[in-house]
Amino acid sequence: MISVGIVGSGAMGSGIAQVAATAGHNVLIYDNNPDALERSRKRLAKIMDRLVVKERITKEESTAIQGRIQYVDSLYKMAEVGLVVEAIVEKLEVKKALFEQLEDVLSENAILATNTSSLAVTAIAAACQKPDRVLGLHFFNPAPLMALVEVVPAVQTDIKVAEECFELMKKWGKVPVMAKDTPGFIVNRVARPFYSEALRVYEEGIADLATIDWVMTELGGFRMGPFTLMDYIGHDVNYKVTETVFAAFYFDPRYKPSFTQQRLVDAGYLGRKSGRGFYNYEEASVQPEPTKDAAKGKAILHRILVMLINEAADALYLNVASLDAIDLAMTKGVNYPKGLLAWADELTIPYVVEQLDALYHEYHEDRYRCSPVLRRLARDGGKFYEV
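None of the values given here were measured: they were computed from a predicted structure.

**Concerning the overall build of the chain**
What the chain contains, in helices and strands, is 17 helices and 8 strands. Computed over the C-alpha atoms, the radius of gyration of the chain is 22 Å, within 12% of the 21 Å expected from 2.2 N^0.38 for a compact globule of 387 residues. The C-alpha extent of the chain, read off along each of the three principal axes, is 60 × 55 × 40 Å. Counting all 387 residues of the chain, 52% fall into the buried class. Within the chain, residue pairs in contact and separated by at least 24 positions form 69% of the contacts whose partners lie at least 6 positions apart. Total accessible area computed for the chain in this model is approximately 17,900 Å², and 52% of it derives from carbon and sulfur atoms.

**Some words on the state of the cysteines**
Taken as a whole and assessed by the stated rule, the structure comprises 0 disulfides. In this model cysteine 128 remains outside any disulfide bridge; the closest cysteine sulfur is found in cysteine 165, 14 Å from its own.

**A few points about the environment of valine 151**
Locating valine 151 in the fold gives a position in strand 7 (residues 148–153). Of the residues examined, valine 151 reaches a relative accessible area of 0% and is grouped as buried. Between the C-alpha atoms of valine 151 and leucine 98, which are 53 residues apart in sequence, the distance is 20 Å. Residue contacts for valine 151: discarding those within four places in its chain leaves Leu135, Gly136, Leu137, Ala162, Phe166, Pro176, Val177, Met178 and Ala179.

**Some details on helix 11 (residues 235–248)**
The end-to-end C-alpha distance of helix 11 is 19 Å, a good match for the 20 Å that 14 residues give at a rise of 1.5 Å each. Turning to helix 11, its buried residues are His235, Asn238, Tyr239, Val241, Thr242, Thr244, Val245 and Phe246. Looking at the packing, one finds that the buried side of helix 11 touches helix 7 (187–190), helix 8 (192–203), helix 10 (226–233) and helix 12 (259–267). Just beyond helix 11, the residue with positive phi is tyrosine 250, at close to 55 degrees.

**Observations concerning the packing of helix 11 against helix 12**
Helix-helix packing is characterised by the crossing angle of the two axes and by the distance between the axes. Axis separation between helix 11 and helix 12 bottoms out at 9 Å; the angle between their running directions is 135 degrees. As the angle between them shows, helix 11 and helix 12 are arranged oblique. Here helix 11 runs over helix 12; the crossing is left-handed. Across the interface between the two elements, His235, Asp236, Asn238 and Tyr239 from helix 11 touch Gln261, Gln262, Leu264 and Val265 from helix 12.

**A short note on the sheet that holds strand 2 (residues 27–30)**
In spatial order, the strands read 3-2-1-4-5-6-7-8; together these 8 strands make up an open sheet with mixed pairing. A strand with exactly one partner marks an edge of an open sheet, and here the two such strands are strand 3 (69–72) and strand 8 (175–178). Within the sheet, the average angular offset between the axes of one strand and its neighbour, ignoring direction, is 25 degrees. Direction of pairing for strand 2 relative to strand 3: parallel, over a ladder of 4 bridges. Among the inter-strand pairings, leucine 28 is bridged to a residue of strand 3, identified as glutamine 70.

**Digging into the packing of aromatic side chains**
With the rule as written, the count across this model stands at 11 aromatic pairs. Each ring, one from phenylalanine 222 and one from tryptophan 343, has its centre 5.7 Å from the other, and the planes form 25 degrees; the classification is stacked. Here tryptophan 343 lies in helix 15 (residues 340–347) and phenylalanine 222 lies in the loop between helix 9 (209–219) and helix 10, a separation of 121 residues in the sequence. Comparing phenylalanine 222 with tryptophan 343, the two get one shared label, buried.

**Observations regarding unusual backbone geometry**
For the bond running from asparagine 141 to proline 142, omega is 0 degrees, close enough to zero to count as cis. With respect to the helices, strands and loops of the structure, proline 142 is situated in the loop between strand 6 (134–139) and strand 7. You will see that threonine 348, though not glycine, has its phi angle at about 90 degrees, which is positive. Along the chain, the position of threonine 348 falls in the loop between helix 15 and helix 16 (349–363).

**Quick word on the pattern of salt bridges**
The full count for this structure, using the stated rule, is 23 salt bridges. Three or more residues are tied together by salt bridges with common partners; here these are Arg189, Asp252, Arg254, Glu311, Asp314, Asp366 and Arg369.

**With respect to empty space enclosed by the protein**
What the rule picks out here adds up to 1 cavity of 30 Å³ or more. Reported here for the largest cavity is a volume of approximately 50 Å³. Taken together, the elements giving at least two residues each to the lining of the largest cavity come down to helix 8 and helix 13 (294–317). Counting residues per element, the lining of the largest cavity draws most heavily on helix 13, at 3 residues.

**Let's talk about the packing of helix 14 (residues 323–333) against helix 15**
Axis separation between helix 14 and helix 15 bottoms out at 7 Å; the angle between their running directions is 100 degrees. Put simply, helix 14 runs roughly perpendicular to helix 15. Of the residues in helix 15, those in contact with Leu323, Ile326, Asp327 and Met330 of helix 14 are Leu340, Leu341 and Ala342. A per-class count over the contact of helix 14 with helix 15 returns 6 nonpolar, no polar and 1 charged.

Criteria and cut-off values
- Residues numbered from 1 in each chain as written.
- Predicted model: local features only at pLDDT ≥ 70, side-chain atom pairs only at ≥ 80, totals over all residues.
- Heavy atoms only, no water.
- Helix = DSSP H or I, 4+ residues; strand = E, 2+ residues; numbered from the N terminus.
- Rg over C-alpha atoms; globule rule 2.2 N^0.38 Å.
- Buried < 20%, exposed > 50% of the residue type's maximum accessible area, 1.4 Å probe, protein only.
- Contact = heavy atoms within 4.5 Å.
- Areas by Shrake-Rupley, 256 points an atom, 1.4 Å probe, with all protein chains shown as cover.
- Disulfide = S-S within 2.5 Å.
- Expected span 1.5 Å × (residues − 1).
- Axes fitted to C-alpha atoms, helices over the stretch in contact; angles between N-to-C directions.
- Parallel < 35°, antiparallel > 145°, perpendicular 65-115°, else oblique.
- Left-handed = near helix turned anticlockwise from the far one by under 90°.
- Pairing = 2+ DSSP bridges.
- Phe/Tyr/Trp six-rings, centres within 6.5 Å; stacked < 30°, edge-to-face > 60°.
- Salt bridge = Lys/Arg side-chain N within 4 Å of Asp/Glu carboxyl O.
- 1 Å grid on protein atoms, 1.4 Å probe; cavity = no way out; pocket = protein on both sides within 12 Å on 5 of 7 lines; lining within 4 Å.
- Points joined across faces, edges and corners; volume = space filled by probe spheres on them.
- Nonpolar A, V, L, I, M, F, W, Y, C, P; charged D, E, K, R; others polar.

The structure is reproduced here in structure tokens:
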């Protein structure tokens, strides 16, 4: 069994290390900050203790998992690992510099993976002399709990490397999906309207934050409403992903960021972690109550939902991933109540097209353009999932 190296000991890197060690691998975690390494060690010990108390694992298993993880202060101690997963800051030049350095350290057969959520894997691989062994392995936070891993081959990646990592993720107990190296891959691309269209509804004054969140959870079945979720993720993170995807798509208006969210970032209102975002999380604060109007709520739900479906349909149309991979990614990666393309069949394709066209005729904005695959299915009486 290969040894695994993790670069970056933050929440994501530590989580991936836990997953690999639980699967039986010896793991080396490197961070250039010794204090961060110590925090990672303490965090894992606390998580393991909690799992033992909950009887998810035994004390012996806890000891064994922690014993398989070594915290190292030099990249050169990773010389013998067979797979390195990078989980550092989302800055292209920093990642490229790291991959250049890793290539000097690792054996020729070692695989180099990036956990990037929004940068081009191909651009990162271009920093290497052997880019054919570089790919994306995009885990979701928290890595030990979230099943999905997006396996993203770069243009240069040897397909055998991608297939090997796909099978390895299964052995780690994950649900892997193969995705093309395009901005946002599957989840961060397809999920954008969950935030952006909810923000648009709010900005137009159609409904307040609490009402939109109520609509999406109570009527739509989503685990969190968009504003609660943005507060949970952190506006610095969520806004940056939106901004990155927007720029990467050559400023396609479908991915346009919101001034409302940017102002929260400007103010330092980053969500739960700062005590205030869309909602106020101070102890004495009283949360607003939603207006529970079922008819109005259904209209809001369907507006956001058809935008999500349209994005999923366009990802299929442009071969970002297979139909099954797209629906699996959204249910396993962000816990959507249903796959969006299956949901489209349920609503009926003609209805989805009609709703999108109504939005386009109302606003004449390109963000509401209907995907060709939806229009073709509506014309031909087809479905995404034919029985």
